[in-house]
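This is what each chain is made of:
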Amino acid sequence: MKMKLSLISAAMLSASLLLTPAVSMAKMPIAVNGQQLPTLAPMLEQITPGVVSIQVSGSKEVRRRADPLDFFFGNPQPRSQKREFSGLGSGVIIDAKEGYVVTNNHVIQDAEKMLVTLEDGREYEAKKIGSDKESDIALLKIDAEDLVAVKLANSDQLRVGDFAVAIGNPFGLSHTVTSGIISAMGRSGLNIEGYEDFIQTDAAINQGNSGGALVNLNGELIGINTAILGASGGNVGIGFAIPSNMMKNLVDQIIEHGEVRRGSLGISGRPLDAGLAKAQQLDVKQGAYVMQVMDDSAASEAGIKAGDVIISIDGSEISGFHELRSKIATLGEGRKVKLGIYRDGKVQTVKVTLDGASALTAAGDELHPAFQGATLENTQKNGNKGVEVTTVDPRSPAARVGLEEGDVVMQVNRQRVETISDMNKIIENTKGNIVLGVQRGRESVFVLIQ
Amino acid sequence: MRATLLPNVPLPSAMSIDHLSFADAVQRAAPSVVTIISESISKEPRYKRQNTVQELGSGVIMSSDGYILTNYHVINNSDQIMVLLTDGRRYFDVQLIGFDTITDLALLKINVEHLPVIPISERFSPRVGDVVLAIGNPLNLGQTITQGIISATGKQKITDSPYNSLLQMDAAINVGNSGGALVNSNGDLVGITSAQFKTRENLDIQGIFFAVPYSLAKEVMDKLIRHGRVVRGYLGFTGTAVDSTGKEVSDNYTPVAGLRITNLDPLGPAWQAGIKEQDIVVKIAGENVTNPQKTLNIIGNSEPGHEIEFELYRNAKVLKVMVKVAELETKL
């Protein structure tokens, strides 16, 4: 009798041992009226340990607001002063063995101390491995055992309408999970970052979510939550995340070189719209229209010509020029890519090895703080070489000094410049005012930077 | 072996977590949602230069030959309307067929054939809890899909007209979403997204949004195609629902037996027919007054110029009165 009972319990034990992993694979153990309901809890239990809170503190220079009295009584106080700050953000563990934590650059910018708090309460001081301001990615490292990393998904395979789950530390409420769907892919032109290729989602993202994880229903990382649009600063259902593939490219470069070495094709162009397609009798709906190919660039070596339409990178379609620019820049120097090109009614693929970008394009503030918010690119117009201002954020210092999109810088302090490196050399050796000689349309104008 | 140990309730394929996505619904519906840019040119004589103001909205393609529903408030100031399709085509010769201020709907027409029409399921009736997707172009970001559920149906007290019965939902919409599509998880049209809840105190309220249900939008659209405007009957009285003992009904459970007249428009159709305050209307056009909303629809759908028979109680006597329907004037 006793014997029989213990046998049954042993059988039950083995059954339940077998049962446990099988049920967790089904992922939906809750049933109502015989119908199982979807729940994200089993997936979340596995991956929330991979999301961390990041507390930063430091001091940064802040410009003192001009006091009207200064006009009358001189200016006894310095214009800028150091101010202590502290901030909160989120991060994602992407390599458990090495302790790599990826977050947004704007979370840890200017920070002197970064404290990473794990879900189980352990706290570690983090070391910065590298960061990239223009794409807003930073890589930190913590020395900790038994970490859980979040697996990466292929973000190129996402479709609008797929579910997305955001995990982060909004308003300091650690490990908050919100859900939504993917509202759009390949968003750019928002002027939040230098290089934009965002996933848009309606999962609620708020202050403190920055740097946190956006995952799919399998618990794989599809993006790093980065920004929101909203008049009041709160969530209105429009959030943006850096796709995991782009993040991976940047992080790989940071690990290898300690910095991001941007890739470049050496072309200038514009998004293909219906009007341009009709005028040029092109049979494609979207892509990047090539207007100019620089000499000795990766694009010219690969045989890309002005008038081509670049429609895909490594097989994934691109919607416009901004997306191409962001993808190329973040893929990194020396990377081999396959571009799908539409020419004369036919689609062909060309292989390109990307140039380093430093030579051909630059973010404005790499040259001078007054150029912040502008991007520069080597160009050639009517046979004259110069540096073109390709984009200007209308609220940036670059716009305030009077730079406009399409300007071509021909001179700096009356010296002829043909490339960004020429410009950089002159500006580095100049103290005080800088005068730019700029070709704007058919006019020549001067821009003074004090 | 292990498979037999799995819980034997099979997962519906649509609910399986690996396939849980609205991508197919989006693919069905998204091409039929257009961006509408309404341009107004200010004619202020003080300014020498003409000032052009552009407003942004969304619209839904209702027929392959170019009928597009949008919100009235998207195009109400416009001198020129532009329609942008998702495939990049743009149309400037947009005709305004008509509009209805009460439901805030407007019907546009572009002269193009073979447009992608929004999927419609006549069998679908929205229920609280249904998953919905809002498709539109908020803040001119480009087409955006947001997700939520239907929070309530038949919301009437949001606008000041009883003829507008809205769906409440929590799918986020923003400026520019107005006039866009609200679809269900199959991609079928549920309504036209229209409004966001805002208080006078400028409280930051999120998660309360409204849409005009498809059935109402369809009714309005059909009338706009036929007459160019929406004609509603007007009788000129307001009333409160009462039960069979004459007591006011304030909940949803007590059966309604009639409407007590509380206010009469002086010189209005009801007043002219001799109806007085405190009368209790029990039958309109032969139908018992048991559902105030239904009564309202009978009045709204009655044709101006026709006569309707009223049966009412006054001083414990039953009277029959004929009332000549007037047309409801709408404020612009």
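Reading the values: rules and limits
Residues numbered from 1 in each chain as written. Chains lettered and ligands numbered in written order. Predicted model: local features only at pLDDT ≥ 70, side-chain atom pairs only at ≥ 80, totals over all residues. Heavy atoms only, no water. Helix = DSSP H or I, 4+ residues; strand = E, 2+ residues; numbered from the N terminus. Buried < 20%, exposed > 50% of the residue type's maximum accessible area, 1.4 Å probe, protein only. Contact = heavy atoms within 4.5 Å. Areas by Shrake-Rupley, 256 points an atom, 1.4 Å probe, with all protein chains shown as cover. Polar contact = N/O pair within 3.5 Å; in protein donor to acceptor, adjacent residues only side chain to side chain. Salt bridge = Lys/Arg side-chain N within 4 Å of Asp/Glu carboxyl O. Arc of directions from axis to C-beta. Pairing = 2+ DSSP bridges.

### Details of the overall build of chain B
Point 1. Within chain B, the secondary structure is distributed over six helices and 21 strands.
Point 2. Taking all 332 residues of chain B together, 46% fall into the buried category.
Point 3. Look at the contacts in chain B between residues 6 or more apart in sequence, and 57% of them connect residues 24 or more apart.
Point 4. Here chain B has roughly 17500 Å² of accessible surface; of this, 49% comes from carbon and sulfur atoms.

### Focus on the side chain of Arg262 of chain A
Point 1. Here Arg262 of chain A is to be found in the loop between α5 (244–257) and β16 (263–264).
Point 2. A polar atom in the side chain of Arg262 of chain A sits 3.0 Å from the side chain of Asp132 of chain A.

### Some words on the pattern of salt bridges
Point 1. Summed over all chains, the structure comprises 20 salt bridges over all chains.
Point 2. The salt bridge partner of Glu323 of chain A is Lys327 of chain A, with a shortest N-O separation of 2.8 Å. Linking Glu323 of chain A with Lys327 of chain A, this pair stays in helix α8 (residues 321–331), spanning four residues, or about one helical turn. An identical accessibility class is assigned to Glu323 of chain A and Lys327 of chain A; each is buried.
Point 3. For Asp279 of chain B, the salt bridge identified is with Arg314 of chain B, shortest N-O distance 2.8 Å. Pair noted here: Asp279 of chain B is in the loop between α5 (269–272) and β17 (280–284) and Arg314 of chain B is in strand β19 (residues 307–314), with a separation of 35 residues, a long-range link.

### Re helix α6 (residues 292–301) of chain B
Residue and element names in this part refer to chain B.
Point 1. Among all positions in α6, only Thr295, Ile299 and Gly300 are buried. Looking straight down α6, one finds its buried side chains confined to an arc of 135 degrees; they lie on one side.
Point 2. For α6, the elements touching its buried residues are β14 (233–234), β15 (237–242), β16 (258–264) and β17.

### Remarks on the pairing of strand β7 (residues 105–109) of chain B
Residues and elements named next belong to chain B.
Point 1. The buried fraction of β7 amounts to five of the five residues, a majority that puts the element mostly inside the structure.
Point 2. Of the two faces of β7, the one carrying Leu105, Leu107 and Lys109 and the one carrying Ala106 and Leu108 are both buried.
Point 3. For strand β3 (residues 67–71) and β7, the ladder comprises five bridges, and the chain directions are antiparallel. Residue pairing for β7: Thr70 is matched across the bridge by Ala106.
Point 4. Note: strand β6 (residues 95–100) against β7, five bridges, orientation antiparallel. Within β7, the position partnered with Asp100 by the bridge is Leu105.
Point 5. Two successive antiparallel strands, β6 and β7, enclose a turn made up of four residues, where Asp104 displays a positive phi of approximately 60 degrees.

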